[in-house]
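Listed below are the residues making up each chain.
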Amino acid sequence: MSSVFEGLRQGFGGDVVEPGAAEYESASRAVLAWGSPVGVLRPESVGDVQAGVRFAVEAGLVLSVRGGGHGFAGFGTNDGGVVIDLSRLADVEVVDEERHLVRIGGGANWGQVAGALAPYGLAISSGDTKSVGVGGLTLTGGIGWKVRKCGLALDSLVAAEVVTASGEVVRASAEENSELFWAIRGGGGNFGIVTAFEFVAHPTTDVFFGKIAFAAAEVSAVLQGWAEYMRTAPEDLTAIAVFANPFAGGPAAPIEIHVAFDGDDSEVAARVLDPIRRLGTVIEDDVALKPYAEILEEGLVPPPGIQFVTRSAFVDEESVSDVLQILAEVGASEGSPAISVRSVGGAVSRVPDDATAYAHRQAELMFVTATGGPKPVVEAARPGLEAIWGRLTPHISGAYANFLASATEEDVAAVYPTETYKRLAAVKSQYDPSNLFAGNHNIRPQ
C-alpha cells in the first residue's frame, strides 16, 4: 500500500511514524493532548527538518511542531496533518567556556540542559519542569526560578538557527535577520522551526529551594504580605504562591510559598527568607540547599481522557491588592481551581518594553488558574471559571501564552498588544506569508 510519505522517505534520515506502526499511539500524542496525524516525522538533522517542511507545504498538510510537547493548548499534535517532532535534535554543547556560550538543539528539554551545564557550574534561568522543551518555553517567555535576577529565558538568547516556511535555514541574531530575532523572542513558533538556540549561561552555585507552608485560613494575609515583601526583596529571591490545590484539600489546602534563593550562603539566605516565615504560622518548611539542576521537577503525563483548562494574566502594581483579595476569596470556595501566583519584575522589567516581542515587562505578578479532570468535570466547571475571571477582568491585563489552554482571537490579543502584533505581522509576512506555522497563538501575515 503506497504512502503519502513515499517520496519523502528516500532522502529523510529520521523516522516516519504512520498509523498502524507500533509506536504511532505514543508518537501521535503530545504530553497534554491527543491527535491523529497522518504521520509523525522525527528528523535526525537540520536537513531532515527542511525536507519535512517542504513536504508539508507540497502535500498541503497542516503542520505541528513539537519540542517538549507540554503546551496546554495542544499545539504539539493535530488531526489529519503532519507533526515534526524535534526530540532527536537535543544536543547541549558549551561552545565557549569563557563567554559561557551554549548551543542547544531545538528538541532539548530543560532537564537535559540543566544536567549538561551543571559540571561547568553554569545555568540558564528556565521554567520549573525538566521535560518542558527549550523551544516552546523560550519562544514565548520563560518565567523560571531565577527570573527576578536573570530575566526571562529569552533574555539570555543571543542567536537562533531557524528553518523558515520556504525550507531555508537562516541565522537570527542582533546582527543577522534582526527583526526575526526580535520576533522569536516572545512571538512563539509563528516564524519557523528553531533547530538550535544559542544562549549565554550564567555561573551558578547551589541554591536554597523549597516551600514554606501556612494554614489555609491565613491565605489572605500571607498573600498580601508576601506580595508587599517581594517589592523590596533581593532579586536573588524568586517565589511562587500556590493555594487551593485540589490534591491537598482544595479550599482547605495550605498556602505554600515556593522559594528559590540564588546563592549558597546560609546566613544571607536566612535573612532573605525569614520575612516570609514571619508572614503567618508556619506548618511546614523544607527549604534546603540543592544543586540548581535538581530543583526542576519531573513532568507528569496525564492518563487518556484527562483535560486541563489553564488561564493566565498579569497584574500591575496598583492592582495587586485587589487581585490577591479576589483570588484568596476564590481559593476559599468549593470548586475553586488551583491557583498559583508568580513574582516577576526585577531583571525582566529592566529590559526595554520594545526590545523583544514579550510585551508584559512591567507586570509585578503573573498568576494562573488551573482546572483538570475528565471532560464532563471540566465542562461543568467552566461557568464557575468564567464568573471568577469576570471578577478579575477589571484589575488584570494581558496573558502569558505558556499557561493558556486555548488560542482564541481574544487570547492572541491578550498575549500581543496592538503595536506588538502589528510588528509581528510584518515579520510573519516576510518569513511565513502563507501562514504554514499556524499551530500556535497565531500571528496572521500582514
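Each chain has its residues counted from 1, following the order in which its sequence is written. For a predicted model such as this one, the threshold for reporting local features is a pLDDT of at least 70, and the threshold for listing and counting side-chain atom pairs is 80 or more; totals across whole chains, interfaces and linings nevertheless cover every residue. Heavy atoms from the whole structure form the basis of all side-chain values; hydrogens and water molecules are not counted.

The protein appears in an unreviewed UniProt entry as FAD/FMN-containing dehydrogenase from Kribbella caucasensis. Annotation of the protein in UniProt includes, under Sequence similarities (unreviewed entry), the sentence "Belongs to the oxygen-dependent FAD-linked oxidoreductase family." For the protein, the Cofactor (unreviewed entry) comment in UniProt is given as "FAD". UniProt positions are given in the numbering used here, feature names are shortened, and annotations may be inferred rather than shown by experiment.

(A) Looking closely at the domain arrangement of the protein. The domain boundaries here were taken from an automatic or database domain assignment. Assigned domains within the protein: domain 1 (15-85), domain 2 (92-203) and domain 3 (206-413). Taking only C-alpha atoms, the centre of domain 1 and the centre of domain 2 are 22 Å apart. Should any heavy atoms of two residues lie within 4.5 Å, those residues are counted as being in contact. Contact residues are listed per partner, giving eleven residues for domain 1 and 15 residues for domain 2. Approximately 930 Å² of surface area, both sides summed, lies buried where domain 1 meets domain 2, with 71% of it carried by carbon and sulfur atoms. Buried area: the sum, over both parts, of the accessible surface (1.4 Å probe) that disappears when the two are put together.

(B) Local environment of the nonpolar core. Nonpolar cores were defined as sets of buried Ala, Val, Leu, Ile, Met, Phe, Trp, Tyr and Cys residues, with membership established by side-chain atoms within 4.5 Å. Exposure is judged per residue with a 1.4 Å probe applied to protein chains only, and the accessible area is read against the type maximum: over 50% gives exposed, under 20% gives buried, and values in between give partly exposed. Of all hydrophobic cores here, the largest spans 52 residues; its most connected members are W110, L180 and I184. In this text, helices come from DSSP runs of H or I with a minimum length of four residues, and strands from runs of E with a minimum of two, each type numbered from the N-terminal end. Top element by residues in this core is helix α7 (residues 178-184). It accounts for five residues.

(C) How the structure looks around the pattern of salt bridges. By definition, a salt bridge exists where a carboxyl oxygen of Asp or Glu is found within 4 Å of a side-chain nitrogen of Lys or Arg. Counted under the stated rule, the structure contains 28 salt bridges. A salt bridge links R277 to D274; the nearest nitrogen and oxygen atoms lie 2.9 Å apart. Of this pair, R277 and D274 both sit in helix α9 (residues 266-277), separated by three residues, roughly a single helical turn. On the accessibility criterion, R277 (22% relative accessible area) is partly exposed. Through salt bridges with shared partners, a single network forms among R103, E161, R171, E176 and E198.

(D) Up close: the packing of helix α8 (residues 219-230) against helix α11 (residues 320-331). To define axes, lines are fitted to C-alpha atoms, for helices over the stretch in contact only, and angles between the resulting N-to-C directions are given on a 0 to 180 degree scale. Across the interface, α8 lies against α11 with an axial gap of 9 Å and an inter-helix angle of 155°. Taken together, the axis directions place α8 and α11 in an arrangement best described as roughly antiparallel. In the crossing of α8 with α11, the sense of the turn from one axis to the other is right-handed. Here V219, S220, L223, Q224 and A227 of α8 come into contact with α11, specifically with V320, S321, L324, Q325 and A328. When residues are grouped by polarity, Ala, Val, Leu, Ile, Met, Phe, Trp, Tyr, Cys and Pro land in nonpolar, Asp, Glu, Lys and Arg in charged, and all others, Gly among them, in polar. Of the residues assigned to the contact of α8 with α11, the class counts are six nonpolar, four polar and no charged. Angle categories: roughly parallel below 35 degrees, roughly antiparallel above 145, roughly perpendicular from 65 to 115, and oblique for all the rest. Should the near helix be turned anticlockwise from the far one by less than a right angle, the crossing is termed left-handed; should it be turned clockwise, right-handed.

(E) Highlighting a negative patch on the surface. Residues D206, D264, D265, E267 and E294 make up a contiguous surface patch of negative charge. Mapped onto the secondary structure, D206 falls in the loop between β11 (202-203) and β12 (207-214). Classification of D206 by relative accessible area gives partly exposed; the value is 33%. Here a patch means residues that are over 30% exposed by relative accessible area and free of salt bridges, tied together within 9 Å if like-charged and within 5 Å if nonpolar (Val, Leu, Ile, Met, Phe, Trp, Tyr). Here, Shrake-Rupley sampling with a 1.4 Å probe gives the accessible areas, and only protein chains in the shown set may cover a residue. In this tally Asp and Glu are treated as negative and Lys and Arg as positive; neither His nor the chain ends contributes. Here the site of a charge means atom NZ of a Lys, CZ of an Arg, CG of an Asp or CD of a Glu.

(F) Broad picture of α11. Each helix should span, by expectation, one fewer than its residue count multiplied by 1.5 Å. Relative to the 16 Å expected for twelve residues at 1.5 Å per residue, α11 spans 16 Å between its end C-alpha atoms, a close match to the ideal helical length. Turning to α11, its buried residues number three or more, namely V320, V323, L324, I326, L327, A328, V330 and G331. Along its buried surface, α11 packs onto α8, β13 (237-243), β17 (306-315), β18 (338-343), β19 (365-374) and α12 (375-392).

(G) Up close: the packing of aromatic side chains. Planes of paired rings set the category: under 30 degrees apart is stacked, over 60 is edge-to-face and the rest tilted, where pairs are Phe, Tyr or Trp rings (Trp by its six-membered ring) whose centres lie within 6.5 Å. According to the stated counting rule, one finds nine aromatic pairs in the structure shown. Ring geometry for F314 versus Y400: centroids 6.4 Å apart, planes at 75°, classification edge-to-face. Taken together, the positions of F314 in strand β17 and Y400 in the loop between α12 and α13 (409-415) put the pair 86 residues apart, joining distant regions of the chain. Given a relative accessible area of 2%, Y400 falls into the buried group. Aromatic ring contacts, followed pair by pair, group F72, F314, Y358, Y400 and F403 into a single cluster. Any Lys NZ or Arg CZ that is within 6 Å of a ring centre and within 35 degrees of that ring's normal is treated as a charge sitting over the ring. Over the face of the ring belonging to F181 we find R185, whose NZ or CZ atom lies 3.9 Å from the ring centre.

(H) Here's a closer look at α9. Of all the positions in α9, only A269, V272, L273, P275 and I276 are classed as buried. Mapping the buried residues of α9 onto a view down its axis gives an arc of 145°, with all of them on the same face. Exposed side chains of α9 directed beyond 90 degrees from the buried face belong to E267 and R271. Residues of α9 that are buried make contact with β12, α8, β13 and β14 (255-261). The directions from the helix axis to the C-beta atoms are what the arc is built from.

(I) Layout of the sheet that holds strand β2 (residues 39-42). Taken together, four strands build an open sheet; the order of strands is β1-β2-β4-β3 and the sheet is mixed. Only two strands of the sheet have a single partner each, and these edge strands are β1 (15-17) and β3 (63-66). Pairs of neighbouring strands in the sheet enclose a mean axial angle of 20°, with direction left out of account. Pairing between strands is defined by DSSP: at least two bridges between them are needed. For β1 and β2, the ladder comprises three bridges, and the chain directions are antiparallel.

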